[in-house]
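Notes for the structure review
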Amino acid sequence: MGKMVTLTIDGQVISVPQGMLIVDAAKKAGIDIPVFCYHPKMEPVGMCRMCLVEVGRPVIDRTTGQPILEADGTPKIQFGPKLETACTTPVSEGMVVRTQTQVVAEARRGIIEFLLTSHPLDCPICDKGGECPLQNLTMAYGPGESRFQYEDKMHLAKHVPLGELIYLDRERCILCGRCVRFQSNVADDPVIAFSQRGRALQIVTFSEPGFDSYFSGNTTDICPVGALTTADFRFGARPWEMIPTASICPHCPVGCNLTLNVRREAAAGGREVIKRVMPRQNEWVNEIWICDKGRFGYHYTESPERLRQPLVRKNGRLEPATWEEALAFAAEGLRERSGVVALAGGRLSNEDFFNLYQVVTARQGRAVLYSTMAGGDYVQRYGLSGDANLAGLGKGDAVLVVATDLHEEAPLWWLRVKQAAERGATLIVANARPTKLERYAAHVIRYAYSEVLEKVQSLLAGESPEAQALAKATNLVIFFGQEGLSLEASEALATMLARLLVQNGQAERPLSGLVAVWPHANTQGGWEIGFRPDPDLAHTLATAGAVWVAAADPAGDDPILAQALEKAGFVIVQDLFLTETARRADVVFPVQAFTEREGTWTSGERRVQRFYPAVPELENTRPDFMIVAQVADHLGIPLVGRSASRVFDELARALPAFAGLSYTRLAEVVEQWPLVGRGDLYYGGTVYENTQGLGVRLARMSAGAELSEWPAVEIAPAPADDALYLVPVVRLYDQGQTLVPSHLLQQRMARAALYLAPATAAQLGVQTGERVEVSAGEWAETLTVYVDANVPVKAGLVPRSTGVPLRQPLWVRAQRAVLEPQP
Amino acid sequence: MSEYLILRHRAIPGLERLPVYLEHQGFAAFKKAVMELPPAQVIQMVKDSGLRGRGGAGFPTGLKWSFLPNDLWPHYVVANADESEPGTFKDREIMESNPFQFLEGLMIAAYAVQANVAYIYIRGEYWHIARWLDQKIAELEQAGLLGERLFGTDYSLRIYTHLGAGAYICGEETALLESLEGKLGQPRLRPPFPATAGLYNRPTVVNNVETLANVPLIVLNGPAWYHNYGTDKSPGTKVFSLSGCVNRPGNYELPFGVTFRELIFEHGGGVPEGRTLKAVMTAGASSVLIPMDESVLDTPMDYESLNKFGGSLGSASVIVLDDSVNMAWLTQKTVNFFKHESCGKCTPCREGTYWMNRLAERIVRGKAGLREVELLYQVARQMQGKCLCALGEFSTLAVVSSIDRFRADFEAVVTKEPIYG
């Protein structure tokens, strides 16, 4: 901690770190200085002038350097001729600040009056009404009556789409610039800006599509008026009508803390529905931000396509059944067969995974994680530990990011790694293609997809500048993904990266370790509980006596797995939707969405966090862990199935890493800085204060034996000279089942396509918009080409979850597709 | 005027041509500085000369140069040629007719702070001057006076012109730097000042054109010589831009301390058609209105003496107002200008200038009563001391001083009945 400075604010003597701004120091002391443009997560600009206060400083005798004293021995304090902005003035020793004087009150009244001159005062129909800083501060400090003549009011556009996600009301805008600064300085997507000047000053967007940023929704939280609203929520509800419930984002392994706002809705037949998703502060995870996928991607939970009753196969057809019938049928199917395989996806909760694991191991079956990426066991042993917070990374530390595009796969990690680099941490980005993170990187390691392991191995050798930067780092955090890697190759990669930490002596440090960039929220939880991916899944499925699928759609993802599934003896599926896999099942159980139930997820950083039920469950659905327990009950296997918290207690007893944890522990909070979401929404915005739990990071598993040599994996060499390495890549907005129902994002969703380097396209004789047939054995697809200079040569990139059945990289033959002439 | 320091072209025909300028000791000062004087000594000379910034604030130039930290590089020098204060047209004449003296001053400033790049930020309406200066810069490069490794030393310098896009606020030095960086012209928070965090966040000197034009003579003739002109605290001469109700408007280069009487009557030929002098604005639109009578006429015009009227010399754009001018009308014109030029960054200026303008319009059109005059006064007072930069503060000066000092002019135009309320 740096030097402390003692000052007096409104008679209260406080000590705060040197360099702190008056407004923050006051906040710490429980004194609210009103602000509009200032935001504790951004550099101050002093534009709105709302925070003007009286500032006095001790008078120093120039000859002695000592403060001049008053007759009573107290230091003589000199107040300036003008008020000063508390948001731009750092504290200094002996400073005296007055925030409650007549002069200050008049200044505030004046600023409010100015701000309201052309404000429409349409609070009764404004989304922000009820949680609006301008409204609140007007009530607190405003003049009550305006002297501005009504006909002089500026009339401006009220429904300006800054793209299709965010709308701007120019009349309500008080031009504080928070949104512009957030986009420039925090998100680094400077796609909105001020245009014009004076009273004509306005916010504009100049990107295509408008307001092209994965973080755009955050501007609606920090907007201190109702100027920026989301297309999803605007005119949807009044803030005071909604009930807040703590939750966790289900879309990626970051585990952003959310608050779901719920209200009864006439349009929904009087049911309680989610009206909006808001960030909830967790300075260890998402600070006070969330990405737009998290904000807008909840609609799948209320999709009309949701399964609403159990289905049982009768005479070759799936027919509706009662729960009792379906549970008995499933148990019967399992009882008759040996060799049960549980295939579970990373959307399950820890409790679901645990129960499923219990039942399949009791039946001598296998617990298979539906994943094409390995390394979760290394994360258990070499992950971050204790209280480690990425915000602690800075000068002297390093971050290595390998085979992942964090901006697309885990936007909040992208943001936090970027910030670490801005604080001085050495960022090294290794990928076969340029990614957005590279602009902050000290070193970029570029490789052909087939060379990734060699490149990473060379980091262990210690010769290159990159290797040296990694070796000398105090703390080293490594994010690794699976872009361009097979399951085996990702296993080898994780091993090498673990070895790198050990070799550099960073493995023991809390703020050093591996973070796996999984495709789902709780893939790490699956690893913790004992699920492992299967390198030969098709064979495993085809030869299984019974397959119990939960939160996975292998048949929808890959025709080969679909065929394999059809050979399996008996198939149980638990899902939200009637997936391709469910269509092939013998029994289908409708499950509850994360909004309807409680549970815990383990983030990629191994933080276990609770989510809570926000809306009543869809009738006739049950949570996964309960379904599993009820099937187990029919098999005579006693499992806890009544409540998630009791399952978690069992889990905590069974797994050393979870020892000592309970739902109560996970719900604990500590005071976080900045203070947000209290009575004064103006300070941090409408982000929710975290009162329901910060979660707990799992203890590091002991490293155990010496790290094994990594498996000798060779990424299969090109079968022919003209072969193309087809690589599935992640796009944040894909066409997965959990995102498609968010129609708002439709225009921005990735489409099935083949991205080729200009040279590759030229070789194939194709241009953007033309089609190419790619094939490998029986597997064949015809895809539309996009020529993109960022794609490596001899590679073809295909966005994941866009309908192209490509789970893992694949060498293919490619040729221009000749269209048959139309008759 | 017996002697010109800045407007020397008026005495020396053809001074805008390089050979003529060279004949008259042109670039001797720059050459001397680069070849003989350590940078710190150049700064000391300028300090000793007492030269003060001619852009309006009157800050000691040498002191400004000495603030640049020597552990942060590169340094930049920017000439503020945004000349946009209403009634100011001195820099235009300097750049058009005595361009090399200005450029030489800029070059010496660059050498003094060891900047290798200097920019001239020129208001957009002066595009022809930018072209003209570009030609002059090219001539200097051809003549070996500007460019790499000058006069066989290690010192190199390039000068670039940059046109503004028509915003008054870009004459404010931090808004100017924003604009020069390609951003929206809005003032920055100060501190940090440009001397430590200026152009591209690097130490930067921003000087007015006229200020820089003084520098070659100071280096050539020494600081003591400079004190032969002007007053003790404001040495040197000043180019006064005289306009308004005066018989001979124009630029007048006179030593600091010249009285209003001398400037307006001796040089400007007095007010036209035998009308009576009523008031003077000394700093363009950014002025208080100084009511003129015999006692005031003998006030010396320098940076200090105008304080007693609540005014300042500013850039010395002296607008003369006679008894044909109604001050309410003048106030509305002034406020309308500020409304148009407010950058909109801070609340009081953005909203206040808009509000004041609507009120003032109504008043001069006879659509308002004394109640609105009082409100106009209160709005101006409500802005004072709260704005982010000087523009907002300046916008209130004419309003407050005219209502305080020329209330009768307002009473003459308002309706006698309240309009509303």
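Residues numbered from 1 in each chain as written. Chains lettered and ligands numbered in written order. Predicted model: local features only at pLDDT ≥ 70, side-chain atom pairs only at ≥ 80, totals over all residues. Heavy atoms only, no water.

1. Regarding the overall build of chain B
Convention followed: What counts as a helix is a DSSP run of H or I of at least four residues, what counts as a strand is a run of E of at least two, and both are numbered from the N terminus. Here the radius of gyration uses the C-alpha set of atoms, whereas the globule reference equals 2.2 Å times the residue count to the power 0.38. Each accessible area is a Shrake-Rupley estimate made with a 1.4 Å probe; only the visible protein chains count as cover when residues are assessed. None of His or the chain ends enter the tally, which takes Lys and Arg as positive and Asp and Glu as negative. To locate a charge, take atom NZ for lysine, CZ for arginine, CG for aspartate or CD for glutamate.
The number of helices and strands found in chain B is 17 helices and nine strands. A compact globule built from 421 residues would reach a C-alpha radius of gyration of about 22 Å, and chain B, at 22 Å, matches this within 12%. Of the roughly 15300 Å² of accessible surface on chain B, 51% is carried by carbon and sulfur atoms. In chain B, 41 positive and 46 negative side-chain charges are present, and the distance between their average locations comes to 4 Å.

2. A few points about the sheet that holds strand β29 (residues 696–697) of chain A
Residues and elements named next belong to chain A. For clarity, the cut-off: Between any two strands, at least two bridges found by DSSP are needed for them to pair. Residue contacts are defined here by distance: any two heavy atoms, one from each residue, within 4.5 Å place the two residues in contact. Axis angles are defined between N-to-C directions and span 0 to 180 degrees, where every axis is a line fitted to C-alpha atoms and, for a helix, only to the segment in contact.
Here three strands make up an open sheet; going across it, the order is β27-β28-β29 and the pairing antiparallel. Two strands in the sheet have a free side with no partner beyond their single neighbour: β27 (599–602) and β29. Its contacts with the sheet put helix α8 (residues 350–362) on β27 and β28 (607–611), and the angle it makes with β27 is roughly 90°.

3. Thoughts on the sheet that holds strand β3 (residues 158–163) of chain B
Residues and elements named next belong to chain B. Spatial ordering of the open sheet is given by β3-β2-β1-β4, a layout of four strands whose pairing is parallel. Looking at which strands have only one partner, the edges of the open sheet turn out to be β3 and β4 (204–208). On average, adjacent strands in this sheet sit at an angle of 20° to one another, irrespective of strand direction. Across six bridges, strand β1 (residues 76–81) lies against strand β2 (residues 117–122) in parallel orientation. Counterpart to Val 77 in the pairing with β2 is Ala 118. Lying over the sheet, helix α9 (residues 209–221) contacts β1 and β4, oriented at roughly 95° with respect to β4.

4. Description of the interface of chain B and chain A
Our working rule: In this description, buried area is defined as the sum, over both parts, of the accessible area (probe of 1.4 Å) that is lost when the two are combined. Here, a salt bridge means any side-chain nitrogen of Lys or Arg that lies within 4 Å of a carboxyl oxygen of Asp or Glu. In the analysis that follows, any N or O atom pair within 3.5 Å is treated as a polar contact, provided that within protein one partner can donate a hydrogen and the other can accept it, and provided that, for residues neighboring in sequence, both atoms belong to side chains.
Residue-level contacts link 32 residues of chain B with 33 residues of chain A. The contact between chain B and chain A buries some 2900 Å² in all, and 56% of this surface belongs to carbon and sulfur atoms. Interface area lost by chain B to chain A is led by Tyr 354, Trp 355 and Lys 386 of chain B, which between them contribute 22%. For the pair chain B and chain A, the interface holds four salt bridges. Between Arg 358 of chain B and Asp 152 of chain A there is a salt bridge whose closest N-O contact spans 3.7 Å. If you look at where chain B meets chain A, you find 19 residue pairs in polar contact (both at pLDDT 80 or more).

5. Details of the environment of Leu 501 of chain A
Residues and elements named next belong to chain A. We apply this condition: Buried means the residue's accessible area, taken with a 1.4 Å probe over protein chains only, is under 20% of the maximum for its type, while exposed means over 50%, and partly exposed covers the values in between.
Among the secondary structure elements, Leu 501 is positioned in helix α14 (residues 487–503). The class of Leu 501 is buried, set by a relative accessible area of 0%. Spatially, the C-alpha atom of Leu 501 lies 8.8 Å from that of Val 477, the residues being 24 residues apart in sequence.

6. Let's talk about a nonpolar patch on the surface
Short version of the rule: Patches were defined on residues exceeding 30% relative accessible area and lacking a salt bridge, with like-charge contacts within 9 Å and nonpolar side-chain contacts (Val, Leu, Ile, Met, Phe, Trp, Tyr) within 5 Å.
Together, Phe 59, Leu 63 and Phe 67 of chain B make up an exposed nonpolar region whose accessible area comes to about 250 Å². Here Phe 67 of chain B falls in the partly exposed class, since its relative accessible area comes to 41%.

7. Focus on the environment of Glu 361 of chain B
Along the chain, the position of Glu 361 of chain B falls in helix α14 (residues 347–364). Considering only alpha carbons, one finds Glu 361 of chain B and Lys 333 of chain B, 28 residues apart in sequence, at a separation of 8.8 Å.

8. A few points about empty space enclosed by the protein
Residue and element names in this part refer to chain A. Our working rule: Lining residues are those with an atom within 4 Å of a point, where the points come from a 1 Å grid over the protein atoms alone and group into cavities, where a 1.4 Å probe fits but cannot get out, or pockets, open sets with protein on both sides within 12 Å along at least five of seven lines. Grid points are joined across faces, edges and corners, and a volume is the space filled by probe spheres set on the points. Here the nonpolar group is Ala, Val, Leu, Ile, Met, Phe, Trp, Tyr, Cys and Pro; Asp, Glu, Lys and Arg are the charged ones; every other residue, Gly included, is treated as polar.
Tallying each qualifying case throughout the model produces seven cavities of 30 Å³ or more. Its boundaries defined by the atoms lining it, the largest cavity holds a volume of some 210 Å³. Lining of the largest cavity is provided by 18 residues; of these, Arg 347, Leu 576, Gln 592, Phe 594 and Asp 624 occupy positions nearest its centre. For the lining of the largest cavity, a count of residues per class yields 10 nonpolar, three polar and five charged. Computed from the structure, the second largest cavity encloses a volume of approximately 180 Å³. Surrounding the second largest cavity, 16 residues form its lining, Thr 220, Thr 230, Phe 233, Arg 276 and Met 278 being those nearest its centre. For the lining of the second largest cavity, the elements supplying multiple residues, two or more each, are α5 (218–222), β11 (228–230), β14 (271–279) and α6 (292–296). Its residues placed into classes, the lining of the second largest cavity shows five nonpolar, four polar and seven charged.

9. Some remarks on the nonpolar core
Nonpolar side chains in soluble globular proteins generally cluster together in the buried interior. All names here are of chain A. What counts here: Among buried residues, those of type Ala, Val, Leu, Ile, Met, Phe, Trp, Tyr and Cys that are joined through side-chain atoms within 4.5 Å constitute a nonpolar core.
By size, the foremost hydrophobic cluster in this structure holds 119 residues, and its most contacted members are Leu 406 and Phe 479. The dominant element in this core, judged by the number of residues it contributes, is helix α11 (residues 411–422), at seven residues. Listed in part, the 116 residues of the second largest apolar core include Val 379, Leu 514, Leu 576 and Phe 589.

10. Brief notes about the pairing of strand β16 (residues 317–320) of chain A
Examined bridge by bridge, strand β15 (residues 311–314) of chain A and β16 of chain A share four bridges and lie antiparallel to one another. Within the sheet, the bridge partner assigned to Lys 314 of chain A lies in β16 of chain A and is Arg 317 of chain A.

11. Let's talk about helix α13 (residues 327–341) of chain B
All names here are of chain B. The criterion, for reference: In a helix, the anticipated span is given by 1.5 Å times the number of residues less one.
Taking 1.5 Å as the rise per residue, α13 with 15 residues should run 21 Å; its terminal C-alpha atoms sit 21 Å apart, in good agreement. On its buried side, α13 packs onto β7 (277–281), β9 (317–322), α14, α16 (390–405) and α17 (407–413). Between the side-chain oxygen at the start of α13 and the backbone nitrogen of Ala 328 there is a gap of 2.6 Å, and the oxygen is on Asn 326.

12. Notes on the domain arrangement of chain B
Residue and element names in this part refer to chain B. For clarity, the cut-off: An automatic or database domain assignment supplies the start and end points of every domain.
Considered domain by domain, chain B is made up of domain 1 (8–226), domain 2 (237–322) and domain 3 (327–411). With 11 residues of domain 1 in contact, the opposing surface of domain 3 contributes nine residues. Interface area for domain 1 against domain 3, summed over the two sides, is near 840 Å², with a carbon-plus-sulfur share of 72%. Contact with domain 3 buries surface across domain 1, with Tyr 168, Gln 186 and Pro 187 losing the most and accounting together for 58% of the total. Here domain 1 and domain 3 share zero salt bridges between them. Along the contact surface separating domain 1 from domain 3 lie two residue pairs in polar contact (both at pLDDT 80 or more). A breakdown of the residues in the side of domain 1 that touches domain 3 according to their chemical character gives six nonpolar, four polar and one charged.

13. Notes on the pairing of β27 of chain A
Residue and element names in this part refer to chain A. Judged by which residues are buried, β27 turns out to be covered on both faces: Gly 599 and Trp 601 on one side and Thr 600 and Thr 602 on the other are all buried. Sheet analysis places β27 next to β28, joined by four bridges and oriented antiparallel. Residue pairing in the sheet places Thr 600 in a bridge with Arg 610 of β28. Between β27 and β28, which follow one another and run antiparallel, lie four residues, and Arg 606 among them has a positive phi close to 65°.

14. Section: the confidence of the model for chain B
Going by this rule: For every residue, the pLDDT score states the predictor's confidence, bounded by 0 at the bottom and 100 at the top.
With 98% of its residues at a pLDDT of 70 or more, chain B shows a mean pLDDT of 95. Reported confidences for the modelled complex are a pTM of 0.95 and an ipTM of 0.95.

15. Some remarks on the packing of helix α12 (residues 452–461) of chain A against α14 of chain A
The description of two packed helices rests on the angle between their axes and on the distance between the axes. All names here are of chain A. We count it as follows: Here the angle decides the label: under 35 degrees means roughly parallel, over 145 means roughly antiparallel, 65 to 115 means roughly perpendicular, and every other value means oblique.
It is at 9 Å that the axes of α12 and α14 come closest, and there the two elements cross at 10°. The angle between α12 and α14 falls in the class roughly parallel. In contact with Leu 453, Val 456, Gln 457, Leu 459 and Leu 460 of α12, α14 contributes Ala 489, Ala 492, Leu 493, Met 496, Leu 497, Arg 499, Leu 500 and Gln 503. Residue composition of the contact of α12 with α14, grouped by class: 10 nonpolar, two polar and one charged.

16. Examining the packing of aromatic side chains
Each aromatic ring pair is characterised by the separation of its centres together with the angle its planes make. The cut-off we apply is this: Whether two aromatic rings pair depends on their centres lying within 6.5 Å, for rings of Phe, Tyr and Trp, where Trp uses its six-membered ring; planes under 30 degrees apart make the pair stacked, over 60 edge-to-face, and the rest tilted. Here, a charge over a ring is recorded when the distance from Lys NZ or Arg CZ to the ring centre is within 6 Å and its angle to the ring normal is within 35 degrees.
Throughout the structure, instances matching the rule amount to 39 aromatic pairs over all chains. Between Tyr 119 of chain B and Tyr 160 of chain B, the ring centres sit 5.9 Å apart and the planes meet at 35°, which makes this aromatic pair tilted. On the criterion of sequence distance, the pair formed by Tyr 119 of chain B in strand β2 and Tyr 160 of chain B in strand β3 is long-range, its members being 41 residues apart. Overall, Tyr 119 of chain B belongs to the buried group, its relative accessible area being 17%. The class of Tyr 160 of chain B is partly exposed, set by a relative accessible area of 41%. Three or more aromatic residues joined by ring pairs make a cluster, and in this case those are Phe 114 and Phe 148 of chain A together with Tyr 354 and Trp 355 of chain B. The lysine or arginine in question, Arg 234 of chain A, covers the ring of Tyr 167 of chain A, its NZ or CZ lying 4.1 Å from the ring centre. Sitting over the face of the ring of Phe 233 of chain A, Arg 276 of chain A holds its NZ or CZ atom 4.7 Å from the ring centroid.

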